[in-house]
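Summary of the model geometry
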Amino acid sequence: MSDDSQVNSINLSRSIGSTTRIPILFPNAYEVWALHFEDYVLGLEDHCYLIWEAINVQTFTHTGTKREIKTQQNYNKLLLGVKDVSQYEKDRPISNVKAMRIIIFALPPDTFRLVSSCDTAKAIWDRLKELYSTNADLEHSTQTLLLSEFGAFAQKPDESLDQTFNRYNHLLSRMMKHKIGRELIEQKVTFMNGLRSEWKVVVSTVKSHEQFKNYTLAKLVGILRSHEDEVTKERKIVSGMGSLALVAKGKKDVDDDGWESDFSDCVLSNEEYDGF
């Protein structure tokens with residue numbers, strides 16, 4: 001790929017990929033689009049991992065009938081013809097249908113005509129890779145974007161600790177897949193530094209604990225999880241105080257009676273570490 005092509009790909013990458021709308025494929029920026037498209041799918045509220053598996057790994061079959069469910073009509077017939085279908089057996093086939101809809105909407109007309117004979121999302125995904133990807137460029141672009149995502153990792157405004165960890169763990173898995181290794185200490189510090197500001201006191205205390213170097217990532221998250229309720233409570237209190245908290249923070253005496261914030265409850269006690 002020439003330097004001009006790389007610049008164009010970077011410029012295009014700024015205009016594709018969104019958590020609210022499907023990223024549209026630009027054929028000369030396929031590698032960037034593929035990563036943003038994966039992020040978009042995994043950000044969906046319902047069945048996101050099953051939908052991504054239906055696109056990237058396999059077309060699901062109904063366990064009992066061994067039939068591939070490729071359309072909404074197929075799915076409706078399955079529900080009518082098979083009794084006592086479990087929720088799991090419902091979620092897998094409908095993910096095929098949703099995956100097909102999503103990937104079709106991501107394609108411009110000229111590209112859609114090239115894959116119109118494909119009848120599953122997985123077949124379309126594989127065909128797009130054959131048409132537009134070059135292995136060396138794909139790997140380099142993938143590694144670059146994954147490293148950028150790792151360096152900028154941050155907890156989303158309304159994300160719980162477990163949701164943040166699941167997203168982080170998925171990122172680490174993708175990095176391992178593309179031969180990008182990071183020391184455990186960097187993994188732990190990057191995760192904690194990415195948490196929202198209300199975690200600052202807890203994070204600082206955990207980092208300074210003598211056993212911190214021995215924690216696995218899972219153990220670390222377990223320790224943080226034990227303090228999530230108090231962090232969430234503190235966040236609501238501070239949020240409710242609004243602008244008053246900002247003024248009072250730098251002003252010890254507001255009126256004749258005086259007022260001073262007391263955040264001592266945010267500090268972790270030594271006893272709390274006994275279970276670490």
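Residues numbered from 1 in each chain as written. Predicted model: local features only at pLDDT ≥ 70, side-chain atom pairs only at ≥ 80, totals over all residues. Heavy atoms only, no water.

**Some points on the confidence of the model for the protein**
Rule in force here: What pLDDT reports is the predictor's confidence in each residue, on a scale of 0 through 100. Two residues form a contact once any of their heavy atoms are found within 4.5 Å.
Considering every residue of the protein, the mean pLDDT works out to 79; 78% of them sit at 70 or more. Long-range and interchain partners of residues 1–18, a stretch whose pLDDT sits below 50, account for 21 contacts in this model, where long-range means more than four residues apart. This model gives residues 249–276 a pLDDT under 50, and the stretch forms 32 contacts once residues within four places in sequence are excluded.

**A closer look at the environment of Gly 194**
Put simply, the rule is: Numbered from the N terminus, helices here are DSSP runs of H or I no shorter than four residues, and strands are runs of E no shorter than two.
Positionally, Gly 194 belongs in the loop between helix H10 (184–193) and helix H11 (200–208). Separated by 42 residues in sequence, Gly 194 and Ala 152 have C-alpha atoms that sit 7.8 Å apart. In this structure, Gly 194 is in contact with Phe 153, Ala 154 and Gln 155, ignoring residues within four places of it in sequence.

**A short note on the environment of Ala 154**
Here Ala 154 shows up in the loop between helix H8 (135–151) and helix H9 (161–177). Counting along the chain gives 39 residues from Ala 154 to Asn 193, while the straight-line C-alpha distance between them is 7.7 Å. Apart from the residues lying within four places of it in its own chain, the contact partners of Ala 154 are Arg 167 and Gly 194.

**Quick look at the nonpolar core**
Let me state the cut-off plainly: For the purposes of this section, nonpolar cores are sets of buried Ala, Val, Leu, Ile, Met, Phe, Trp, Tyr and Cys residues that join through side-chain atoms within 4.5 Å. Throughout this description, buried means an accessible area under 20% of the type-specific maximum (1.4 Å probe, protein chains only), exposed means over 50%, and partly exposed covers the range between.
With 28 residues, the main nonpolar core has Trp 33, Phe 37, Ile 55 and Leu 128 as its most contacted residues. Element by element, the count of residues in this core is highest for helix H2 (residues 30–42), at 7 residues. Sequence-distant contacts of Phe 37, that is, excluding residues within four places in its chain, are made with Ile 22, Pro 23, Trp 52, Ile 55, Ile 102, Ile 103, Ala 106 and Trp 125. In this structure, Phe 153, Met 192, Val 202 and Leu 220 belong to the second largest nonpolar core, which totals 25 residues.

**Some remarks on the packing of helix H4 (residues 72–81) against helix H5 (residues 87–105)**
Quick reminder of the rule: Axis definition: a line fitted to C-alpha atoms, limited for helices to the stretch in contact. Angles are taken between N-to-C directions and run from 0 to 180 degrees. Small angles under 35 degrees read as roughly parallel and large ones over 145 as roughly antiparallel, with 65 to 115 read as roughly perpendicular and the rest as oblique. Crossings are sorted by hand: turned counterclockwise from the far helix by less than a right angle, the near helix makes the crossing left-handed, and turned clockwise it makes it right-handed.
Two elements in contact, H4 and H5, have axes whose closest approach is 9 Å; the angle formed by their N-to-C orientations is 165°. Compared by their axis directions, H4 and H5 come out roughly antiparallel. Read as a crossing pair, H4 and H5 show a hand that is left-handed. Of the residues in H5, those in contact with Gln 72, Tyr 75, Leu 78 and Leu 79 of H4 are Lys 90, Pro 93, Ile 94, Val 97 and Arg 101.

**A look at H9**
For clarity, the threshold we go by: Under the convention used throughout, the expected extent of a helix is 1.5 Å for every residue step, that is, one less than its residue count.
For H9, built from 17 residues, the straight-helix expectation of 24 Å at 1.5 Å per residue is met to within 8% by its first-to-last C-alpha distance of 24 Å. All buried positions along H9 are accounted for by Leu 161, Thr 164, Phe 165, Tyr 168, Leu 171, Leu 172, Arg 174 and Met 175. Lys 179 lies just past H9 and shows a positive phi near 60°.

**Topic: the packing of aromatic side chains**
Put simply, the rule is: Here is the rule: rings of Phe, Tyr and Trp (six-membered ring for Trp) pair when centre to centre is within 6.5 Å. Planes less than 30 degrees apart are stacked, more than 60 are edge-to-face, and the remainder are tilted.
Tallying each qualifying case throughout the model produces 11 aromatic pairs. Between the aromatic rings of Phe 165 and Phe 191, the centroid separation amounts to 5.9 Å while the plane-to-plane angle is 85°, which identifies the pairing as edge-to-face. Of this pair, Phe 165 sits in helix H9 while Phe 191 sits in helix H10, placing them 26 residues apart in sequence. Just as Phe 165 is buried, Phe 191 falls in that class too. Both rings, one in Phe 212 and one in Tyr 215, keep their centres 6.3 Å apart while their planes meet at 85°; by these two values the pair is edge-to-face. Like Tyr 215, Phe 212 is buried.

**A look at helix H12 (residues 217–225)**
Definition in use: Directions are taken from the helix axis to each C-beta atom, and the arc is the one they span.
Burial in H12 covers these residues: Leu 217, Leu 220, Val 221, Ile 223 and Leu 224. On an axial view of H12, the arc spanned by its buried residues comes to 160°, and they lie on one face.

**Examining unusual backbone geometry**
Phi is positive for Lys 179, which is not a glycine, with a value near 60°. With respect to the helices and strands, Lys 179 occurs in the loop between H9 and H10.

**Notes on the environment of Trp 33**
Relative to the helices and strands, Trp 33 is located in helix H2. Along the backbone, Trp 33 and Ala 106 are 73 residues apart, and their C-alpha atoms lie at a distance of 9.7 Å.

**Thoughts on the pattern of salt bridges**
Selection rule: Here, a salt bridge means any side-chain nitrogen of Lys or Arg that lies within 4 Å of a carboxyl oxygen of Asp or Glu.
The tally for this structure, following the rule as stated, stands at 10 salt bridges. A salt bridge links Arg 127 to Glu 130, with the shortest nitrogen-to-oxygen separation between them at 3.3 Å. With a gap of 3 residues between them, Arg 127 and Glu 130 both fall in helix H7 (residues 121–132), about one helical turn apart. Under the relative-accessibility criterion, Glu 130 is labelled exposed at 60%. The salt bridge partner of Glu 149 is Arg 174, with a shortest N-O separation of 3.6 Å. With a gap of 25 residues between them, Glu 149 in helix H8 and Arg 174 in helix H9 connect regions that are remote in the sequence. Its relative accessible area of 24% is what places Glu 149 among the partly exposed residues. For Arg 174, a relative accessible area of 9% puts it in the buried group.

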